[in-house]
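Per-entry structural report
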Amino acid sequence: MKEFAPLLHGYWYLLRGAGMTLLMAGAAILPATACGILLAMAQVFGNRFARSAVVGYLFIVRGIPLLVLLTFTYYLLPLTGIDLPPFWGVVLVMALYYAAFMSEVFRAGILSLPQGQWDAARSLGMTRRLMLQIVIFPQALRLASPPFVSLCANLVKATSLVSIVGLWELTMASREIVERTLAPFQIFLGAAAIYFCICYTLALYGRYLESRVLHGH
Amino acid sequence: MPFDLHFIARLIPALIEGAEVTVELAILTFAICLVWGLIVALANSTRGPLSWFAGAYVQIVRNTPLLIQMYIVYFGFSMAGFGLSGFASGLLALCIQNGGYVAEIYRGGLQAVSTRQYEAGRALGMRRWTLYTVVIIPQVVARIVPPMTNQAISITKDTSQVAAIAVMDMMKVAQVWVESSANTYDVFLGVAIIYLVLTSVASVAGKLFERRLAFAQ
Amino acid sequence: MLEVADVSKRFGTLEVLRGVSLSVAPGEVVVVIGPSGSGKTTLLRCINLLEDYERGTVTVDGDPIGYRLDRRAGQRVRMSEREIAAARENVGMVFQSFNLFPHMNALQNVMAAPVRVKGIPRARAEARARELLTMVGLSDKVAEYPVRLSGGQQQRVAIARALAMDPKIMLFDEVTSALDPELVGEVLAAMQQLARAGMTMVVVTHEMSFARDIADRIVFMDDGLVVEQGKPDQLLFSPATDRVRAFLKRYNDRYRI
């Protein structure tokens, strides 16, 4: 047990880091979800121009590592003259990045509804807007919720990358303690345990949602 | 000055040198994970403690950040007396994490083949070996190719994180060049384009493989 | 009441409807029969504009649905989405696969469109929905979600849902084809009741004896055309064309015990 003494000294600092991680993830998830839904709608219902714009966006985001985008935002922001605090800079980049993956999830949810649902809604005289609002979205969001939750867990893990560009959160906090205590194994394991608690909780919640989707109401 | 041709002429060979490390890491990781993930998935499908360990492994590695896993391997192991090089640590961490994802892909593929297929094979009098090689495995392979392609793309992007443990991959090369020059735009564009090419190659290879399978069936 | 005039529809190079015309009088029950692939289902879907079609027009009580004729240009013009949605309120449709909204219970399924499309006050819409569900024999299932209902019950909810919009005409698209044999009867009974109450109906079905019972007129379609139509007994027992004779012989051979 003596080997884990450094962890006992640093745990409060680590938990504060975890708080920052959650704050960052939460701040990114909201706009990512909103943009994801918009992108999905543009891809499913948009005209040719909108569709190809979305496809291009997805191609670029899916093909470039998040770390590259974060690093260069960090270097480029000061050059562009936009006065954005680094925290909001990385939140913006993470939101735009994850919006692409969220849009795939929502699009799959919309497209996996059987044709009969559209037919029934149209035959009842619903306009497109009403149809989306009361028939399509409630079901599509429900179908999309399990993969959405696991994407959120992914996003929480991905926040660790911002430590590389110098922002302070759980991973950065653990590196600072390691520099003081020279006990990397224990401290990083402790940080991993905290990440695990957050992400595994989300994973369990996602599994619960999935069982609800599979078995109906 | 963006688009400085003299600068670009020096930049490109350096980036390509880094890209070689990136590609090497990605291919090694993917190859090792194909085997390691299968072992984990098979262990997971047994009954008893082995399956419990495999399941726990998958959950733990999937719910903690790759970066933390790299730190544990790179800093933790060296503290414990058996230090690994940055490249080896990065490769090990990439395999540990992605092995968990690949195992889940195998598991999904195995589950997707319905028990009726096994019954049908047995009803035709097939021996175990014939049943698996003729009936089951071809169907599993057809199902796992698309998610495996996605995983290969994701591995390629993940390799960028080894830059955090001083491996001279493309990401690290880019960081060095950005810090030693003012041509952030050029470096960013170069890195982004090369990553896009690499991930596109993986994506196209997956599609071709998929198409060949479709013809074979 | 319903006028289908010279409707033609193709899927790619395949001509599914080749100039179909059909008129249905108020209160009339028309049953459409024919081999699979003859275009019966497509015809129903075109009436409601669930499918676009290349030529022809459909009117309900003189009001166009889908395309209106522009007299000056002598051309068909597609109505706006809003106009089409409004026109569809007059046409109720019941589908082979029920297509209930799985996230709403039976009552909500029936109430949703009257409240949200027609703007009927909730209390009145609910009273009417309960009345309709009682009519189809489901007064004890109002709070159940579709997954908890049998196919026959789901289909009866679907009938009530379509009726809740007070349509002028009801379209039934092979509504018993997806049902287990023992559940067919309850759905047919609900339709029979509706026919007796004077609803105008167009019914696509494979149930010949039901067709004979319920129909005022039977229309036989083959290869995208209306081949023959007439009173049930006349068409089923002394058809005028060889194609109908051949179809009925195949049908009888298959179902003779």
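Refer to the preceding data block for the structure.
Overview of the structure. All of these numbers come straight from a predicted model, not from anything done at the bench.

Let's shift gears to the interface of chain B and chain A. If you look at the interface, chain B gives 37 residues, while chain A gives 40 residues. For the chain B and chain A pair, buried surface summed over both sides reaches about 3300 Å², with 75% attributable to carbon and sulfur atoms. For chain B, the biggest contributors to the area lost against chain A are Asn63, Lys157 and Phe188 of chain B; these three give 18% of the whole. Between the two partners, chain B and chain A, sit zero salt bridges. In this assembly, chain B and chain A are joined by nine residue pairs in polar contact (both at pLDDT 80 or more). At the level of elements, helix 2 (49–62), helix 3 (66–79), helix 4 (86–112), helix 6 (128–158), helix 7 (170–180) and helix 8 (184–216) of chain B are the ones that each hand at least two residues to the side of chain B that touches chain A. In terms of residues, the side of chain B that touches chain A owes the most to one element, helix 8 of chain B, which gives 10 residues. Tallied by class, the residues present in the side of chain B that touches chain A amount to 22 nonpolar, 12 polar and three charged.

What follows covers the side chain of Glu174 of chain C. Residues and elements named next belong to chain C. Structurally, Glu174 can be placed in the loop between strand 9 (169–173) and helix 6 (181–196). Buried within the structure, Glu174 lacks any salt-bridge partner; its nearest side chain of opposite charge belongs to Lys40, at an N-O separation of 4.2 Å. Glu174 has contacts with Lys40, Thr41, Gln96, Val204 and His206, leaving out every residue within four places of it along the chain.

So, on to the sheet that holds strand 12 (residues 225–230) of chain C. Residues and elements named next belong to chain C. The strand order 8-9-10-3-11-12 describes an open sheet built from six strands, whose pairing is mixed. Looking at the sheet topology across the chains shown, the edges are occupied by strand 8 (91–94) and strand 12. Taking the axes of each pair of neighbouring strands and ignoring which way they run, one obtains an average angle of 20 degrees across the sheet. Note that strand 8 and strand 9 share four bridges and pair parallel. Across the sheet, Val91 pairs through a bridge with Ile169, a residue of strand 9. Lying on the sheet, helix 5 (residues 151–163) is in contact with strand 8 and strand 9; it crosses strand 8 at an angle near 170 degrees.

What counts, and at which threshold
- Residues numbered from 1 in each chain as written.
- Chains lettered and ligands numbered in written order.
- Predicted model: local features only at pLDDT ≥ 70, side-chain atom pairs only at ≥ 80, totals over all residues.
- Heavy atoms only, no water.
- Contact = heavy atoms within 4.5 Å.
- Buried area = accessible area lost by both parts, 1.4 Å probe.
- Salt bridge = Lys/Arg side-chain N within 4 Å of Asp/Glu carboxyl O.
- Polar contact = N/O pair within 3.5 Å; in protein donor to acceptor, adjacent residues only side chain to side chain.
- Helix = DSSP H or I, 4+ residues; strand = E, 2+ residues; numbered from the N terminus.
- Nonpolar A, V, L, I, M, F, W, Y, C, P; charged D, E, K, R; others polar.
- Buried < 20%, exposed > 50% of the residue type's maximum accessible area, 1.4 Å probe, protein only.
- Lys, Arg positive; Asp, Glu negative; His and termini not counted.
- Pairing = 2+ DSSP bridges.
- Axes fitted to C-alpha atoms, helices over the stretch in contact; angles between N-to-C directions.

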